[in-house]
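Read off the chains here:
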Amino acid sequence: MNKPTQETSRGLQVPNPFERLFDGPLTEQMLLSPAKFGLGLVPDRLAPDATTNMVCGFCSTGCSLSVHLKDGQAVNLSPSPDYPVNVGMACPKGWEALAPLQSDDRGTTPLLRNKSGKHAPVDWATAMETFCDRFKAIQSEHGPESIAFLGTGQMPTEELAFLGALAKFGMGMRHGDGNTRQCMATAVTAYKQSFGFDAPPYTYDDFEQSDVIVFVGANPCIAHPIMWQRVMNNKNNPAIVVVDPRKTETAVCASHHLAIQPKSDMALLYGLAKILIQNDWIDREFIDRSVNDFDQFAEFVSEFDLDHVASQTGISSQRIQEIAELIHQGKRVSFWWTMGVNQSYQGTRTAQAIINLALITGNIGRPGTGANSITGQCNAMGSRLFSNTTSLLGGHDFTKAEHREKVAGQLGIDVETIPDDAGFSYDQIIDGILDGKIKGLWIIATNPAHSWIHQSRCKQILEKLDFLVVQDMYHSTETAVLADLYLPAAGWGEKDGTFINSERRLGVLKKVARAPGSALSDFAIFVLVAHCWGVGEQFAQWTDPESVLQILAGLTKGQPCDITGITSYQQLDDEGGIQWPLGEGHAIQSNQRRLFEDGRFYHADGKAKLIFDSPQPMPEPACCEYPLVMMTGRGSAAQWHTQTRTSKSSVLARLYPNAPFVEINPTDATALGLKPQQDVVVESRRGRATANAMITPTVAPGNVFMPMHYDEVNQLTLSHFDPYSKQPSYKDCAVKIIPKV
Ligand SMILES: Nc1nc2c(c(=O)[nH]1)N[C@H]1C(S)=C(S)[C@@H](COP(=O)(O)OP(=O)(O)OC[C@H]3O[C@@H](n4cnc5c(=O)[nH]c(N)nc54)[C@H](O)[C@@H]3O)O[C@H]1N2
Ligand SMILES: Nc1nc2c(c(=O)[nH]1)N[C@H]1C(S)=C(S)[C@@H](COP(=O)(O)OP(=O)(O)OC[C@H]3O[C@@H](n4cnc5c(=O)[nH]c(N)nc54)[C@H](O)[C@@H]3O)O[C@H]1N2
Ligand code: SF4
Ligand SMILES: [Mo]
């Protein structure tokens, strides 16, 4: 029989973290090398030569991939032909999804920094003992709030919920955030304020039903290629408007490209609203029934002088008029936005300026419409609802006593263990390290030493910590090498769970490969931590991912994101994924469901709010010394973020330039005397980076662009944030280019 805990030779009460995953007696030997004891093997529920469908682990599109097994191990994959998201398509990353699992720098054992400062292998028992001893020592000296965590939108919902609950309710942490802050925080805040809940309203079928499609600050051809395929399936010959300072791959395919000045979107969107209202090209009936604050909004936008808007945006007033007419004439207009909006010092109000256009024209709640934020990472939506960071588990509010009571009751925990606010946001955690409030940090499945804004400072700050734990698939990431303790994690394909995609669809991922060495799933690591920390009892029900989904579903009862109707992974598989909400006992009417069909929003009076504010100037504009505005973003469909995963595929490696590059307009290049591919130094007030000059008219004169996939980029970026969402403004800072001789 399994024992819940067992004493190791060191006297540590070590749990059996694998009770439901492995049914044999636990020995210390197993903890030393769990994979040898079957913990890494494919579960029984898959036949050894099966083909099984699972959701891709890169972007939020959530394509289904059919993974083919031989002798219980994944050998190949192809896109699933009948899944409602991707219907037989995948982008290069999806096709190559198994490649990152095979790599020499996979973590196979925990690593502990020794006295000479080097990482040395240790067993799991030592790793857990050190983890608990060091974090507890910090807490007893500096208070429970002196340790924090940074999580991710790239782990299954069950794992990120476990992390959030364990850290905050079990380990007494108050502060925890994740890379979703870098990505979706603005959309979350905008939706919460405007709709009363963080609820992207659309379904991918809307891409196919629209007759006018407006993309603002989004480049789906590169970042969400299969969503773009859905646009290409649209039979209505839609007008496609792309608002982006660059002539991106998406802009090239559009019928209308508005190459606006960076960060002038608000002026443009208010200008459009003014024209729509002035001409009465609005849906009065919908506004009266479903929208608040229209008169104030109409008055606010009436002040916008269109010639002034034209000079700010660089788009002529005739062109703005033309786009307003297009929106007016469209029967089904959908508005989509991504990081060109979210990653801005005024992102929340910009996102709301988009939402306002959809609301005043009644383009919401019908096929082909919506104010639609596209999410980024495979489980960004899961993280928004269940990471227990900004929101209390299940989209609840830490500050509301009744929500804390409800969650405590459901989980059977003491309500006092639930903090009464959301704690520090990511930037506050980083600043907290600097001013000595945060002494210990646990980083899981994110790589801030590359991806956080103004990274040279970030690296120095992480080095100030008394104790840094990094839990990653690879021991070689920019962040993992800084760790005092490194924990080796299984990745996508090596574990079970669910992701929630951009259109709110839950889909299953599965263990189809064996994690290397003694790497464990993040889930198993959390079980282990819970037991070693001494709160195993509190998490006694959190035995395996599928049980945790049921716990989480229970928490959503009565919430807009109610998923009490989801009862098993099998059901998700059978249905081709299920979009939230699905209440208990409700039948799934359609596998393409959108929100707000009844015109009712989540504020107490059922109405949406029009929220607006004056546009602000860029905090670091181009000047004599730094005459170019640098934008950053995705460079190719084959590169993922900090490239820890995609760089492992030799197929993908052929699809993008290996060296960092900076896109610069021919006019600026000529003025600087640059030759194509010449090495240049890109310098901002904070750092210098060497890159290849890519001379191209796709960026306007005065602007440059660098892909975020290269470590150098965030040496340059300026640490500034949206005041409401605290999302970093990654896409605007002043630089100069110095030719290298
Ligand atoms: N291949 C690949 N796909 C990915 C990812 C990846 O790393 N690689 N990451 C995923 C994630 S997590 C995310 S969040 C998404 C991001 O997806 P996107 O947001 O589509 O990608 P970005 O390139 O970051 O930014 C989009 C565009 O914003 C523009 N932009 C910059 N400043 C402004 C501005 O002031 N106004 C406007 N209107 N536009 C502006 C840029 O020129 C850029 O073309 O992609 C997801 N998909
Ligand atoms: N300049 C600039 N910077 C940006 C952006 C930008 O546009 N411009 N975009 C921002 C955005 S939108 C985002 S989302 C962030 C992304 O930034 P990060 O989250 O830092 O980037 P990733 O490379 O995806 O890092 C994920 C890490 O998790 C590890 N990992 C993957 N799967 C697992 C798993 O299952 N378990 C564990 N334990 N580890 C795993 C990977 O090896 C990798 O180290 O970057 C942001 N940074
Ligand atoms: S579009 Fe996104 S979800 Fe689909 S295969 Fe590519 S990376 Fe995976
Ligand atoms: Mo993102």
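Along every chain, residues carry numbers that run from 1 in the direction the sequence is written. Here the convention is simple: chains get letters from A, ligands get numbers from 1, in the order in which they are written. Totals for whole chains, interfaces and linings use all residues, but because this is a predicted model, local features are given only for residues with pLDDT of at least 70 and pairs of side-chain atoms are given and counted only at 80 or more. For the side-chain quantities, the full set of heavy atoms in the structure was used; hydrogens and water were omitted.

**Regarding the site of ligand 1**
Around ligand 1 sit 33 residues in total, of which Ala223, Asp244, Lys263, Asp265 and Gln639 are the nearest. In protein, a polar contact requires one atom able to donate a hydrogen and another able to accept it; more generally it is a pair of N or O atoms within 3.5 Å, and residues adjacent in sequence count only if both atoms are side-chain atoms. Within the contact set of ligand 1, a nitrogen atom lies 3.1 Å away from a backbone nitrogen or oxygen of Val243. Taking 900 Å² as the accessible area of ligand 1 by itself, protein coverage stands at 99%. In DSSP terms, a helix is any run of H or I states spanning at least four residues, a strand is any run of E spanning at least two, and both are numbered starting from the N terminus. Within the residue set of the shell around ligand 1, elements represented by two or more residues are α7 (220-223), α15 (339-342) and β23 (628-633). The classification used treats Ala, Val, Leu, Ile, Met, Phe, Trp, Tyr, Cys and Pro as nonpolar, Asp, Glu, Lys and Arg as charged, and all other residues, Gly among them, as polar. For the shell around ligand 1, the residue count by class is 13 nonpolar, 13 polar and 7 charged. When we break the shell around ligand 1 down by domain, the ones giving at least three residues each are domain 3 (185-373) and domain 4 (628-739). We call a residue near a molecule or strand when any one of its heavy atoms sits within 4 Å of it. For every accessible area listed, the method is Shrake-Rupley and the probe measures 1.4 Å; residues are considered covered only by the protein chains on display. Here the limits of each domain have been adopted from an automatic or database domain assignment.

**Regarding the nonpolar core**
One broad rule of soluble globular proteins: the nonpolar side chains tend to lie buried together. Of all hydrophobic cores here, the largest spans 137 residues; its most connected members are Phe131, Leu166, Trp337, Leu359, Trp442, Leu487 and Trp580. The two domains that each donate at least three residues to this core are domain 2 (111-180 + 380-579) and domain 3 (185-373). The contact definition used throughout considers only heavy atoms, calling two residues in contact when any of these lie within 4.5 Å. Setting aside its immediate chain neighbours within four residues, Trp580 contacts Phe197, Asp198, Ala199, Pro200, Met381, Leu385, Ile500, Arg504, Pro560, Cys561, Ile563 and Leu595. Among buried residues, the Ala, Val, Leu, Ile, Met, Phe, Trp, Tyr and Cys ones that are joined through side-chain atoms within 4.5 Å form a nonpolar core. Summary of the burial criterion: residues with accessible area below 20% of their type's maximum are buried, those above 50% are exposed, and those between are partly exposed, where the area comes from a 1.4 Å probe applied to protein chains only. Grouped together as the second largest cluster of nonpolar side chains are 42 residues, Leu46, Leu77, Tyr202 and Trp492 included.

**Overview of the side chain of Asn692**
For Asn692, the position within the fold is in strand β26 (residues 688-695). Overall, Asn692 belongs to the buried group, its relative accessible area being 18%. Setting aside residues up to four positions removed in sequence, Asn692 forms contacts with Ala659, Pro660, Phe661, Val662, Gln677, Gln678 and Asp679.

**As for the pattern of salt bridges**
In what follows, salt bridge is the name for a side-chain nitrogen of Lys or Arg lying within 4 Å of a carboxyl oxygen of Asp or Glu. One pass over the full model with this rule turns up 26 salt bridges. Here Arg174 makes a salt bridge to Asp420, at a shortest N to O gap of 2.7 Å. Of this pair, Arg174 sits in the loop between α4 (157-170) and β9 (175-178) while Asp420 sits in the loop between α18 (401-411) and α19 (426-434), and the two are 246 residues apart along the sequence. On the basis of relative accessibility, which here comes to 42%, the residue Asp420 falls in the partly exposed class. The closest approach of N and O atoms between Glu597 and Arg594, which form a salt bridge, is 4.0 Å. Residue Arg594 is classed as buried on the basis of its relative accessible area, which comes to 12%. By sharing partners, the salt bridges in this structure join Glu145, Arg174, Asp420 and Asp421 into a single network.

**Brief notes about the site of ligand 3**
In the neighbourhood of ligand 3, the contacting residues comprise Cys56, Phe58, Cys59, Thr61, Gly62, Cys63, Ala90, Cys91, Lys93, Gly94, Pro225 and Ile226. Secondary structure elements with two or more residues in the shell around ligand 3: α2 (92-95) and α8 (225-232). Across the shell around ligand 3, the residue classes tally to 8 nonpolar, 3 polar and 1 charged.

**Let's talk about the sheet that holds strand β3 (residues 51-55)**
Paired strands, in this sense, are two strands between which DSSP finds at least two bridges. The 3 strands lie next to each other as β3-β4-β5, forming an open sheet whose pairing is antiparallel. For this open sheet the edge positions go to β3 and β5 (73-79), each flanked by a neighbour on one side alone. Going from strand to strand, the sheet's axes swing by 35 degrees on average, the running direction of each strand aside. Where β3 meets strand β4 (residues 64-70), 5 bridges bridge the pair, whose relative direction is antiparallel. Bridged to Met54 within β4 is Leu65. Only the contacting stretch of a helix is used when fitting its axis, a line to C-alpha atoms as for every element, and angles between N-to-C directions run 0 to 180 degrees.

**Comments concerning unusual backbone geometry**
Omega for the peptide link from Trp580 to Pro581 comes to 5 degrees, which places this bond in the cis form. Along the chain, Pro581 turns up in the loop between β21 (578-579) and β22 (608-609). Despite not being glycine, Asn388 shows a phi value in the positive range, around 60 degrees. Locating Asn388 in the fold gives a position in the loop between α17 (380-386) and α18. Residue Asn388 is classed as buried on the basis of its relative accessible area, which comes to 0%.

**Focus on the packing of helix α10 (residues 265-278) against helix α14 (residues 317-329)**
At a minimum axis separation of 9 Å, α10 and α14 run at an interaxial angle of 60 degrees. The orientation of α10 with respect to α14, classified from their angle, is oblique. Considering the relative orientation of α10 and α14, their crossing is right-handed. Facing Leu268, Leu272, Ile275 and Leu276 of α10, the residues of α14 in contact are Ile320, Gln321, Ile323, Ala324, Ile327 and His328. Residues of the contact of α10 with α14, tallied by class, amount to 8 nonpolar, 2 polar and no charged. Roughly parallel means an angle under 35 degrees; roughly antiparallel, over 145; roughly perpendicular, 65 to 115; everything else is oblique. The sense of a crossing depends on the near helix, which, turned anticlockwise from the far helix by less than a right angle, makes the crossing left-handed and, turned clockwise, makes it right-handed.

**A look at the domain arrangement of the chain**
By a widely used convention, the size of an interface equals the accessible area lost when the partners come together. What the domain assignment lists for the chain is domain 1 (51-102), domain 2 (111-180 + 380-579), domain 3 (185-373) and domain 4 (628-739). For domain 2 versus domain 4, the separation of C-alpha centres amounts to 31 Å. Taken together, the contact pairs 20 residues of domain 2 with 22 residues of domain 4. Summed over both partners, the accessible surface that disappears when two parts come together, traced with a 1.4 Å probe, is what is meant by buried area. Here domain 2 and domain 4 share an interface that buries about 1700 Å² over both sides, 52% of which is from carbon and sulfur atoms. If you sort the residues of domain 2 by the area they bury against domain 4, His450, Ile453 and His454 come out on top, with a joint share of 35%. Note that Lys459 and Asp711 form a salt bridge whose closest N and O atoms lie 3.8 Å from each other. Applying the counting criterion to the domain 2 and domain 4 interface returns 9 residue pairs in polar contact (both at pLDDT 80 or more). Of all elements in the fold, only α19, α20 (448-451) and α21 (455-463) reach the threshold of two or more residues within the side of domain 2 that touches domain 4. It is α21 that contributes the most residues to the side of domain 2 that touches domain 4, 4 residues altogether. Residue classes in the side of domain 2 that touches domain 4 are distributed as 6 nonpolar, 10 polar and 4 charged.

**Some points on the sheet that holds strand β20 (residues 505-511)**
In space, the 3 strands of this open sheet follow the order β19-β20-β21, with antiparallel pairing throughout. What marks the edges here is a single partner per strand, and that holds for β19 (494-500) and β21. Pairing between β20 and β21: 2 bridges, direction antiparallel. Its bridge partner lying in β21, Arg505 is registered against Gln579.

**Brief notes about the environment of Pro245**
Assignment of secondary structure puts Pro245 in the loop between β11 (239-243) and α9 (249-253). Of the residues examined, Pro245 reaches a relative accessible area of 14% and is grouped as buried. C-alpha separation for the pair Pro245 and Lys263, spaced 18 residues apart in sequence, amounts to 8.9 Å. Apart from the residues within four sequence positions on either side, Pro245 is in contact with Ala259, Ile260, Pro262, Met631, Thr698, Ala700 and Asn703.

**Some details on the packing of aromatic side chains**
Only rings of Phe, Tyr and Trp enter the pairing, Trp through its six-membered ring, and a pair is recorded when the two centres are within 6.5 Å. The plane angle decides the type: under 30 degrees is stacked, over 60 is edge-to-face, the rest tilted. Enumeration over the complete set of coordinates arrives at 33 aromatic pairs. Relative to Trp442, the ring of Phe131 has its centre 4.9 Å away and its plane inclined at 80 degrees; by these criteria the two rings are edge-to-face. Of this pair, Phe131 sits in helix α3 (residues 124-142) while Trp442 sits in strand β16 (residues 440-444), and the two are 311 residues apart along the sequence. Since its relative accessible area comes to 0%, Phe131 is described here as buried. Their ring planes at 45 degrees and their centres at 5.5 Å tell us that Phe297 and Phe612 sit as a pair that is tilted. One end of the pair, Phe297, is in helix α12 (residues 294-302); the other, Phe612, is in the loop between β22 and β23, and 315 residues separate them in sequence. Note on Phe297: relative accessible area 1%, which makes it buried. Take Phe612: its relative accessible area is 23%, and that puts it in the partly exposed class. The structure contains a cluster of three or more aromatic residues connected by ring pairs, namely Phe131, Phe135, Phe162, Trp442, Phe467, Phe523, Phe526, Phe539 and Trp542.

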